Each structure stands twice: as C-alpha cells, then as structure tokens.
Amino acid sequence: MTTVPAALADAYALLRDDLYDHLDRAEFLAMRCTRWDAQDTATARRLIPDLVDVVRAALAEHETGPHGRCRGCHQAWPCGTVREIHRTIKDTERVIVTLSAS
Ligand SMILES: [Zn+2]
C-alpha cells in the first residue's frame, strides 16, 4: 500500500477543505431565510452555471471509453462516479425543485 507524504496529504486536505467551503457558502446562500437582495440574486446567477459546469466536468471525465469502461477510472461503465452523480441528481427523495423544459 502506498502512503501519501505528509506535505502532500496536507495539500490535499487544504484543497478538499477549500472545495467544501465553496459548496457550503453556495448552500448557505440558497438556504438564507431573508429576502435576497440584488447582490444575492447576481451571485446565484453566477454560481448556478458554475456548479453545473462542475457536474458536467465530472461527467466528462467519466465518459464511456473503449470496451464499455470509464475513461477516467477504468471501471465498467457506468462507474461509481457516474452512478453517484445520477443518484444524487435524480434522487426523488431530495428533489425540491422540479425543472421544467420551458
Ligand atoms: Zn469513472
């Protein structure tokens, strides 16, 4: 088993913490009970496409490759990443907003 050097593990932790902090702040904005002001609306309009891009990038990294295997992680497709993204997005228990085609 290969271990990650301590300095690299610290760097990974900082990266992970930074990503979670960004997501926490996005979630906080969405869950604010007060009325949104113009700045909140502008922030949400920038944030939503950015978060959609993150999901698209993760899906693109895990597309079907040759022989039905994931290009990213080489598992049989759909790999665990794609299954988890699909489960999270399409989870009927968590769906708060139903998106319409219009
Ligand atoms: Zn994959």
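Our structure's up above, just so we're on the same page.
Residues numbered from 1 in each chain as written. Predicted model: local features only at pLDDT ≥ 70, side-chain atom pairs only at ≥ 80, totals over all residues.

Enquirer: Whenever I open this one, the overall build of the protein confuses me. Can you help?
Expert: If you tally the helices and strands in the protein, you get three helices and zero strands. Reading the helices (α) and strands (β) of the protein from amino to carboxyl end gives α-α-α. Considering the protein as a whole, with its 102 residues, one finds that 2% of them fall into the buried category. Pairs at least 24 residues apart make up 13% of the contacts formed inside the protein by residues separated by at least 6 positions. (Helix = DSSP H or I, 4+ residues; strand = E, 2+ residues; numbered from the N terminus. Buried ≥ 20, exposed ≤ 12 C-beta atoms within 10 Å, placed from the backbone. Contact = placed C-beta atoms within 7 Å.)

Enquirer: It is not clear to me how helix 2 (residues 38-61) should be interpreted in this structure. Could you clarify?
Expert: Residues three or four positions apart in an α-helix share a direction because the helix packs 3.6 residues into each turn. Relative to the 34 Å expected for 24 residues at 1.5 Å per residue, helix 2 spans 35 Å between its end C-alpha atoms, a close match to the ideal helical length. With zero of 24 residues buried, helix 2 is to be regarded as a mostly surface element. (Expected span 1.5 Å × (residues − 1).)

Enquirer: What am I meant to see in the environment of Leu51 here?
Expert: Position of Leu51 relative to the elements: it lies in helix 2. Given 12 C-beta atoms within 10 Å, Leu51 falls into the exposed group. In sequence terms Leu51 and Ala26 are 25 residues apart; their C-alpha atoms lie 9.2 Å from each other.

Enquirer: I tried to follow unusual backbone geometry on my own but got confused; where do I start?
Expert: Leaving glycine aside, a negative phi is the common case for residues, and trans is the common case for peptide bonds. Of note, the bond from Trp77 into Pro78 is cis; its omega dihedral lies within 30 degrees of zero at 0°. Here Pro78 shows up in the loop between helix 2 and helix 3 (80-90). Not every positive phi belongs to a glycine, and His67 is a case in point at roughly 65°. Along the chain, His67 falls in the loop between helix 2 and helix 3. On the neighbour-count criterion, His67 (8 C-beta atoms within 10 Å) is exposed.

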